[in-house]
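Architecture at a glance
Chain residues, written in single-letter form:
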Amino acid sequence: MLEEYDLTALGEIEKYLPDFDQMEFALMDIDIPAHLFLNWKKSDLLLKNIEETEGRKWVRITYTEAIWLKFLQKIREYEFIKNKLK
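Residues numbered from 1 in each chain as written. Predicted model: local features only at pLDDT ≥ 70, side-chain atom pairs only at ≥ 80, totals over all residues. Heavy atoms only, no water.

1. Comments concerning the pattern of salt bridges
For the structure shown, the criterion picks out two salt bridges. A salt bridge links Glu 24 to Arg 60; its shortest N-O distance comes to 3.8 Å. Of the two residues, Glu 24 sits in strand E1 (residues 24-26) while Arg 60 sits in strand E2 (residues 60-62), which places them 36 residues apart along the sequence. Given the relative accessible area of 48%, Glu 24 is considered partly exposed. Classification of Arg 60 as partly exposed rests on a relative accessible area of 40%. Note that Lys 74 is salt-bridged to Glu 77, the shortest N-O span being 3.5 Å. Of this pair, Lys 74 and Glu 77 both sit in helix H3 (residues 63-85), three residues apart, which is roughly one turn of that helix. (Salt bridge = Lys/Arg side-chain N within 4 Å of Asp/Glu carboxyl O. Helix = DSSP H or I, 4+ residues; strand = E, 2+ residues; numbered from the N terminus. Buried < 20%, exposed > 50% of the residue type's maximum accessible area, 1.4 Å probe, protein only.)

2. Considering the environment of Ile 30
Checked against the element boundaries, Ile 30 lands in the loop between E1 and helix H2 (34-42). Taking C-alpha positions, Ile 30 is 9.1 Å from Ile 67, a pair spaced 37 residues apart along the chain. Residues contacting Ile 30, with those up to four places away along its chain left out, are Ile 61, Ala 66, Leu 69, Lys 70 and Gln 73. (Contact = heavy atoms within 4.5 Å.)

3. What to know about the nonpolar core
Of all hydrophobic cores here, the largest spans twelve residues; its members are Phe 25, Leu 27, Ile 30, Ile 32, Leu 36, Phe 37, Trp 40, Leu 46, Ile 61, Ala 66, Leu 69 and Leu 72. For this core, the elements supplying multiple residues, two or more each, are H2 and H3. Dropping the residues within four chain positions of it, Leu 69 is found in contact with Leu 27, Ile 30, Ile 32, Phe 37, Trp 40, Leu 46 and Ile 61. (Core = buried A, V, L, I, M, F, W, Y, C linked by side-chain atoms within 4.5 Å.)

4. Quick notes on the confidence of the model for the protein
On average, residues of the protein carry a pLDDT of 77, and 64% of them reach 70 or more. When the elements of the protein are averaged for pLDDT, helix H1 (residues 9-16) gives the smallest value, 65, and H2 the largest, 90. (pLDDT = per-residue confidence, 0-100.)

5. With respect to the side chain of Gln 73
With respect to the helices, strands and loops of the structure, Gln 73 is situated in helix H3. Overall, Gln 73 belongs to the buried group, its relative accessible area being 11%. Filtering out sequence-adjacent residues up to four positions away, Gln 73 remains in contact with Ile 30, Asp 31, Ile 32, Pro 33 and Trp 40.

6. Quick word on the packing of aromatic side chains
Summed over all chains, the structure comprises two aromatic pairs. For the ring pair Phe 25 and Tyr 63, a centre distance of 6.2 Å and an interplane angle of 40 degrees mean the geometry is tilted. With Phe 25 in strand E1 and Tyr 63 in helix H3, the pair connects residues that are 38 residues apart, well separated along the chain. The exposure class assigned to Phe 25 is buried, which follows from its relative accessible area of 18%. Classification of Tyr 63 by relative accessible area gives partly exposed; the value is 31%. (Phe/Tyr/Trp six-rings, centres within 6.5 Å; stacked < 30°, edge-to-face > 60°.)

Shown next, in the form of structure tokens:
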């Protein structure tokens, strides 16, 4: 039996949730070392092309990119553990 749900409440819920596309993080906020980020950038592992900035400026990433970078970091940790066990 198909139940009917009142979806009008979703509009109210969205008021209290952050807009993930607008959230920005620095690499240090998510504990990603700059050298790892640069290696992943050179290897074309980032979700989007991050433009080079003039001088030394903080890299700002979105929530989705932060999740992706943490995923890459976990894979890297797993590979180190796997290689040690051999």
